[in-house]
Amino acid sequence: MKLLTVIGARPQFIKAAIVSKALRDFPIQEEIIHTGQHYDPKMSQVFFDELGLTKPSINLNVGSGSHAFNTGQMLIGLEVEFLKRKPDWVLVYGDTNSTLAAALAAAKLNIPIAHVEAGQRSFDRTMPEEVNRVLTDHLSSILFCCAESSVANLKREGIEKNVSNVGDVMYDAFLGNSSNAEWPSHVKKRSGKTVLVTFHRASNTDDEARLREILDALSRLSEQIIFPVHPRTKKSMEFFKLAVPSNVTMIEPLAYLELLGVLNECHAVITDSGGLQKEAYYAGKPCVLLREQTEWMELVSAGAAKLAGGGPEQILESVHWALGARVGSHKIYGEGDAGKKIAQTLALANGTSP
Ligand code: UD1
């Protein structure tokens, strides 16, 4: 069976590395296409080097642009590649523009799609990711969920066939890599408590007032703040001429093992990232979510994360909570064997009717 995996953004490299490795135990020929959505070496190449992910057959190099421009460029490029490479299945991950473009290009050519991280819902259609998730799920023939709540979300939307709860591949990645985690050698560690901060969602970076609020809250914390800045956030701070608060250590995006190194040593996490909020939980670190809702609600219900989509006071109150909170280990997103389960199902997929 010939499987074509399409990836393009940072979290997808980590997820694909897990599944690709598991696929090697089965008679599946996998090829990888990189859309080029993320192109900075620290957002892309470093993950291939570190995680041993198979080199992509081609990089479409779509780069930056508006959502329509980006997604459109990917659609055009992927159609050419799908026609040339003739895959039996296309495999996509998560909720980025690369995910949707691949799903749409495959669906138009009647190539069946398998979607990893299916059924997540924030119920906020203003998020580009939510639109990408819903549409991708409705185009997919095999849907791999991380939790029972995602299975239920799909059922509510009339999708019940070939849906399974396999758990989260990022948990596999965390378990497999955390013993090799290392604090980044270029970052000086102060004594006292450390807080890891990342954010890059449009709702937090593109609105000057909101961005100011977040930076204002960070400036009022006394802990060491480690802030690996996403290029999008950096560009917005430059555009709005907003300075980094002096107590914040702003650094380039971290490689995966370095990020896990900081995560293991920090006392709390502040983020709007879908991936990092789960990784914080896996590492047992309380997490403040710079969002009004999350598609990972189990984390909030389990007392591992708190939503803080409001102003600086709410953010500070939540950080205060996080610095005193304890995170239990409930295994809410599977057992850490999602990659194997996905590979097993895909190996039988030729007989699956779309
Ligand atoms: C994308 C995903 C988001 C995911 C995130 C992980 C979509 C709609 N969003 O968000 O779900 O959580 O990736 O990081 O697909 N940029 C660079 N260099 C890069 C990458 C981005 O400079 O290597 C800048 C560009 O100005 C670009 C902007 O960041 O226009 C936004 O990048 P984009 O890939 O569109 O979205 P992300 O914010 O990274």
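Residues numbered from 1 in each chain as written. Predicted model: local features only at pLDDT ≥ 70, side-chain atom pairs only at ≥ 80, totals over all residues. Heavy atoms only, no water.

### Concerning the overall build of the protein
Phase 1: Per the secondary structure count, the protein includes 15 helices and 13 strands.
Phase 2: Relative to the 2.2 N^0.38 estimate, which gives 20 Å for 354 residues, the radius of gyration of the protein is 20 Å and therefore close to what a compact globule would have.
Phase 3: Taking the principal axes of the C-alpha coordinates as reference, the protein spans close to 60 × 40 × 40 Å.
Phase 4: Here the protein holds 354 residues, and the buried ones make up 58% of them.
Phase 5: Partitioning the contacts of the protein with sequence separation of at least 6, the portion at a separation of at least 24 is 69%.
Phase 6: As displayed, the protein has an accessible area near 14600 Å², and 51% of this comes from carbon and sulfur atoms.
Phase 7: Put simply, the protein has 37 plus and 40 minus side-chain charges, and the middle of one group is 2 Å from the middle of the other. (Helix = DSSP H or I, 4+ residues; strand = E, 2+ residues; numbered from the N terminus. Rg over C-alpha atoms; globule rule 2.2 N^0.38 Å. Buried < 20%, exposed > 50% of the residue type's maximum accessible area, 1.4 Å probe, protein only. Contact = heavy atoms within 4.5 Å. Areas by Shrake-Rupley, 256 points an atom, 1.4 Å probe, with all protein chains shown as cover. Lys, Arg positive; Asp, Glu negative; His and termini not counted. Charge placed at Lys NZ, Arg CZ, Asp CG, Glu CD.)

### Digging into the pattern of salt bridges
Phase 1: What the rule picks out here adds up to 23 salt bridges.
Phase 2: E31 is paired through a salt bridge with R85; the nearest N and O atoms lie 2.5 Å apart. Highlighted residues: E31 in strand β2 (residues 29–34) and R85 in helix α3 (residues 67–85), separated in sequence by 54 residues. For the pair formed by E31 and R85, the shared burial category is buried.
Phase 3: For E295, the salt bridge identified is with R291, shortest N-O distance 2.7 Å. The same class applies to E295 as to R291, namely buried.
Phase 4: When salt bridges with common partners are traced through the structure, they connect K2, E31, E81, K84 and R85 into a single cluster. (Salt bridge = Lys/Arg side-chain N within 4 Å of Asp/Glu carboxyl O.)

### Comments concerning the layout of surface pockets
Phase 1: Taken as a whole, the second largest pocket holds about 280 Å³ of empty space.
Phase 2: Ranked by residues supplied to the lining of the second largest pocket, first place goes to helix α1 (residues 10–23) with 5 residues. (1 Å grid on protein atoms, 1.4 Å probe; cavity = no way out; pocket = protein on both sides within 12 Å on 5 of 7 lines; lining within 4 Å. Points joined across faces, edges and corners; volume = space filled by probe spheres on them.)

### Some remarks on the sheet that holds strand β8 (residues 194–198)
Phase 1: Spatial ordering of the open sheet is given by β10-β9-β8-β11-β12-β13, a layout of 6 strands whose pairing is parallel. In this open sheet, the two edge strands, each paired with only one partner strand, are β10 (248–251) and β13 (305–307). The mean angle between the axes of side-by-side strands here comes to 20 degrees, regardless of whether they run parallel or antiparallel.
Phase 2: Bridge count between β8 and strand β9 (residues 224–228): 3 bridges; the pairing is parallel. Following the sheet pairing, T194 is matched in β9 by Q224. (Pairing = 2+ DSSP bridges. Axes fitted to C-alpha atoms, helices over the stretch in contact; angles between N-to-C directions.)

### Concerning the side chain of Q120
Phase 1: Mapping Q120 onto the fold places it in the loop between β5 (113–118) and α5 (128–139).
Phase 2: Taking relative accessible area as the criterion, Q120 reaches 3% and is therefore assigned buried.
Phase 3: A polar contact of 2.8 Å, which involves the side chain of Q120, links it to the side chain of S150.
Phase 4: Within the local environment of Q120, its side chain forms a polar contact with the backbone oxygen of E295, the two atoms lying 2.6 Å apart.
Phase 5: Apart from the residues within four sequence positions on either side, Q120 is in contact with E130, R133, C146, S150, N153, E295 and W296. (Polar contact = N/O pair within 3.5 Å; in protein donor to acceptor, adjacent residues only side chain to side chain.)

### Re the site of the ligand
Phase 1: By nearness alone, 19 residues border the ligand, and Q37, H38, N97, E129 and H230 come closest of all.
Phase 2: Between the ligand and E129 there is a distance of 2.9 Å, counted from an oxygen atom to a side-chain nitrogen or oxygen.
Phase 3: Here R232 contributes a side-chain N or O atom positioned 3.1 Å from an oxygen atom of the ligand.
Phase 4: Protein contacts shield 91% of the accessible area of the ligand, which totals 740 Å² for the unbound molecule.
Phase 5: For the shell around the ligand, the leading source of residues is helix α10 (residues 231–239), giving 3 residues. (Near = heavy atom within 4 Å.)

### Observations concerning the side chain of T194
Phase 1: Within the secondary structure layout, T194 lies in strand β8.
Phase 2: A relative accessible area of 0% places T194 in the buried class.
Phase 3: If we skip the residues at most four places from it in the chain, T194 touches W183, K189, Q224, I226, C266, H267 and A268.

### Observations regarding the sheet that holds strand β1 (residues 2–7)
Phase 1: The strand order β3-β2-β1-β4-β5-β6-β7 describes an open sheet built from 7 strands, whose pairing is parallel. Every interior strand has two partners, whereas the edge strands, β3 (58–59) and β7 (163–165), have only one.
Phase 2: In terms of strand pairing, strand β6 (residues 142–145) meets β7 through 3 bridges, oriented parallel. The partner of C145 across the bridge, within β7, is N165.
Phase 3: Across the sheet, α1 lies against β1, β2, β4 (89–93) and β5, angled at about 140 degrees from β4, the strand it touches most.

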